[in-house]
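These are the residues of each chain, in order.
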Amino acid sequence: MLLSCNELEWTLFDRVLISTDREHLQVCSQGYTCCTSGMEENLLNLSQREFETQVKESGRTLQASLNSQFKSFDDYFLELLNRSEASLQTSFQTGFGPLFSQITKVFQDLYSDFRRYYRGSSVNLEEALNEFWARLLERLFKVLNPQYIIGEEYLECVAKQSETLKPFGDTPRELKTKITRTVIAARTFVQGLVISGEAVRKVSQVSLSTECVRAVMKMTYCPHCSGVAFPKPCSSYCKNVMKGCLANQADLDSEWRNLADAMLEVVDKLSRPYSVDSVVLSLPKRIAEAILYMQDNLNTFNNKVFQACGSPTQSSKTEDQIKRGRNTAEEVSGTPGAQLEKVLSDVSRMLRDIMQYWVHLPRKLCVDREAGPSEADTCWNGMSVARYLPEVMGDGLASQINNPEVEIDITKPDMTVRKQIMQLKIMINRLKYAINGNDVDFQDTSDDISGSGSGMCADDQCSRDPRLTAPKTEKPNVYAYPSENKKVVNGRSSQNLPCVSLYLLSLVTVLLRR
């Protein structure tokens, strides 16, 4: 609906004085106008603040979703480790009696290494497992042979024979394969959530170009200056403005989808061929089997060690032989439990939902502001109330070369976005290695990657680390973006126009309260 400034003013207030000053407007039409240059400048600033807030709030919603999934999996996995350790302590106290007190510290250190590795510390998981079996062998060899005096040098010789003699059978090798695949997958998966959140935070705060701000202001507030009452921009017009403004952000699409796909593959590995809960919860039973294997074959092992290292000195003390233990640890099913299935199902659904976030963002920001299909001939097209004729542009920077609404230099991509694309590529490679049970360090090529792993920390709270080798997996924090103090729009003209100023002031106030 088109109204003169006077008619529009009588519709909303009591009366209005109009401005016919045309030469001073830089964005809106130079024709019949209700605005002054001062108003236009303030409306530009307002348009920028409003649009940046919309982008940040959308990003913050996505961050909150990523954080929620991080928390669900993180809580579950750490509780899994706690349950496994508690089960080991209970079953070993019952099944092995006095022997347990001699080796309990070895178990505690193993689970501590698991937690530290999962949290992103520079723990070599295979070395930690090798160290566990080596220390367990030292303790058991001494405890199970109380009739001998066994010193450190002799134990070193025993350790050298372990690879050939296999005192614990095949359990260490089998367990290493399963536990490394599982814990590597778990750690890399939560790192993917962390890096995703960090990318969203940084990209959502990319500054708008001057051309973008002008286009948003032209779409949002210029119709008011032209005397159009409560106009809605044409759907295709809005999409072209948003695609032009968010062209750099849309370039994340390819790697963002690749990251989601890789994370979904890791999710699959956490449930098949053996689920993460079955691997972690079966640790007590498998370790007990290994110890019982050594007890059952102790004489054979001793004879071979004595041949290689010599017979140790007999002890003058007489101590009772440790009785054979019992494996009282519970049998664990290899299929995922109900809680794990729910955790993995929820995160898989989220990953599929956010796959096209960056290319859908322009459409999402247009939903609440654009005209509907039935209003195609009565919407604001940037110049007047009429049908919008240009076609909708594609996604990404290169597709905006002919964007009729936002002038963009496609040869100058935003460097913040490019750095985050690189971080996503690095994380994708880590995930692909994790799928095959491998953990690998990648040199980070940017100079702006957080080593804190918060994924959503404020800029001045992120420590800097030149390597993306092991992002910390502590609980991310979702930080609220600084609130915007929205200023009152006012303006002065060379003419005396108090009612026009009042009209724009009231109009902007109404809009801000929506």
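Looking at an unreviewed UniProt entry, one finds the protein named Glypican-1 and attributed to Cyprinus carpio. Entered under Sequence similarities (unreviewed entry) in the UniProt record, the comment concerning the protein runs "Belongs to the glypican family." Taken from UniProt, the Function (unreviewed entry) comment for the protein reads in full: "Cell surface proteoglycan."

(A) Representation of the packing of helix α3 (residues 98-118) against helix α6 (residues 171-203) in the model. Orientation of α3 relative to α6, taken along the N-to-C sense of each, is 35°, at an axis distance of 9 Å. In this structure, α3 contributes F114, Y117 and Y118 to the contact, and α6 contributes I179, V183, I184, A186, R187 and V190. Taken together, the residues of the contact of α3 with α6 sort by class into eight nonpolar, no polar and one charged.

(B) Representation of the packing of helix α2 (residues 37-96) against helix α16 (residues 357-366) in the model. With their axes 12 Å apart at the nearest point, α2 and α16 run at an angle of 130° to one another. Here α16 runs oblique to α2, going by the angle between their axes. Of the two elements, α2 crosses α16, and the hand of that crossing is right-handed. On α16, the residues touching F51, Q54, V55, S58, G59 and L62 of α2 are Y357, L361, K364 and L365. Class assignment of the residues belonging to the contact of α2 with α16 gives a composition of six nonpolar, three polar and one charged.

(C) Highlighting the pattern of salt bridges. Applying the stated criterion to the full structure yields 21 salt bridges. Measuring nitrogen to oxygen at the nearest pair gives 2.5 Å for the salt bridge that ties K243 to D395. Of the two residues, K243 is situated in helix α9 (residues 235-245) and D395 in the loop between α16 and α17 (415-435); the sequence distance between them amounts to 152 residues. Since its relative accessible area comes to 12%, K243 is described here as buried. The exposure class assigned to D395 is partly exposed, which follows from its relative accessible area of 37%.

(D) Fine view of a negative patch on the surface. Where like charges cluster on the molecular surface, the negative patch consists of E131, E138, E152, E153 and E156. For the negative patch, the secondary structure elements donating two or more residues are α4 (125-144) and α5 (152-165). Looking at the negative patch element by element, the count peaks at three residues for α5. Within the secondary structure, E156 sits in helix α5. E156 sits in the exposed class, given a relative accessible area of 52%.

Rules of the game
Residues numbered from 1 in each chain as written. Predicted model: local features only at pLDDT ≥ 70, side-chain atom pairs only at ≥ 80, totals over all residues. Heavy atoms only, no water. UniProt positions renumbered as here; feature names shortened; annotations may be inferred. Axes fitted to C-alpha atoms, helices over the stretch in contact; angles between N-to-C directions. Helix = DSSP H or I, 4+ residues; strand = E, 2+ residues; numbered from the N terminus. Contact = heavy atoms within 4.5 Å. Nonpolar A, V, L, I, M, F, W, Y, C, P; charged D, E, K, R; others polar. Parallel < 35°, antiparallel > 145°, perpendicular 65-115°, else oblique. Left-handed = near helix turned anticlockwise from the far one by under 90°. Salt bridge = Lys/Arg side-chain N within 4 Å of Asp/Glu carboxyl O. Buried < 20%, exposed > 50% of the residue type's maximum accessible area, 1.4 Å probe, protein only. Patch = residues over 30% accessible without salt bridge, like charges linked within 9 Å, V, L, I, M, F, W, Y side chains within 5 Å. Areas by Shrake-Rupley, 256 points an atom, 1.4 Å probe, with all protein chains shown as cover. Lys, Arg positive; Asp, Glu negative; His and termini not counted. Charge placed at Lys NZ, Arg CZ, Asp CG, Glu CD.

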